[in-house]
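Understanding the architecture of this molecule
So the chains spell out like this:
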Amino acid sequence: RLNDVIHNSAGVGKEIKAAVALAYALLGDVQRAGFNDERALASYGKVASLTEDRHLQMAVAQSLAELHTVRGDACTAAQQYLIAAQNACQTDSRKFAMQAERMQFYCQQANDAKAR
């Protein structure tokens, strides 16, 4: 049903899009708690295009980064931590930036290993 709302939302106000974005974020949280990572990734992936809420974008980017870290995709995790850093308050921004640097290091290590 959320997909129907999105596909028919060309003229819909920001409030409804924001509510749909929050619904997808919550759905992603439920799916993640149920160890359904693929569906969680898909649900979280729909949030960014639907909301301008920086707090929600930060929270979803953090969740995506954590999921990609667990899945061993350091490169994508680094990108998501950078998005979280851009949308976070100053204190949290530093924390996310440090996580992004760590993931970038692991990403580079993985790419170097592949090149050998």
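For clarity, every value in this text was computed on a predicted model and none was experimentally measured.

**Topic: the pattern of salt bridges**
This model, assessed by the stated rule, comprises three salt bridges. Taking the shortest distance from any N to any O, the salt bridge between Arg71 and Glu38 comes out at 2.5 Å. Of this pair, Arg71 sits in the loop between helix H4 (54–70) and helix H5 (74–87) while Glu38 sits in helix H3 (residues 37–45), and the two are 33 residues apart along the sequence.

**Things to note about the confidence of the model for the protein chain**
Overall, the prediction assigns the protein chain a mean pLDDT of 90, with 90% of residues at 70 or greater. For the protein chain, per-element mean pLDDT is lowest for helix H1 (residues 2–7), which scores 55, and highest for H5, which scores 97.

**Comments concerning the state of the cysteines**
With the rule as written, the count across this model stands at one disulfide. A sulfur-sulfur distance of 1.8 Å marks the disulfide that ties Cys75 to Cys107. Taking the torsion about the sulfur-sulfur bond, which here is approximately 90°, the covalent link between Cys75 and Cys107 counts as right-handed. Here the residue Cys75 occupies a position in helix H5, and Cys107 occupies one in helix H6 (residues 90–115), the gap between them amounting to 32 residues.

Calculation notes
- Residues numbered from 1 in each chain as written.
- Predicted model: local features only at pLDDT ≥ 70, side-chain atom pairs only at ≥ 80, totals over all residues.
- Heavy atoms only, no water.
- Salt bridge = Lys/Arg side-chain N within 4 Å of Asp/Glu carboxyl O.
- Helix = DSSP H or I, 4+ residues; strand = E, 2+ residues; numbered from the N terminus.
- pLDDT = per-residue confidence, 0-100.
- Disulfide = S-S within 2.5 Å.

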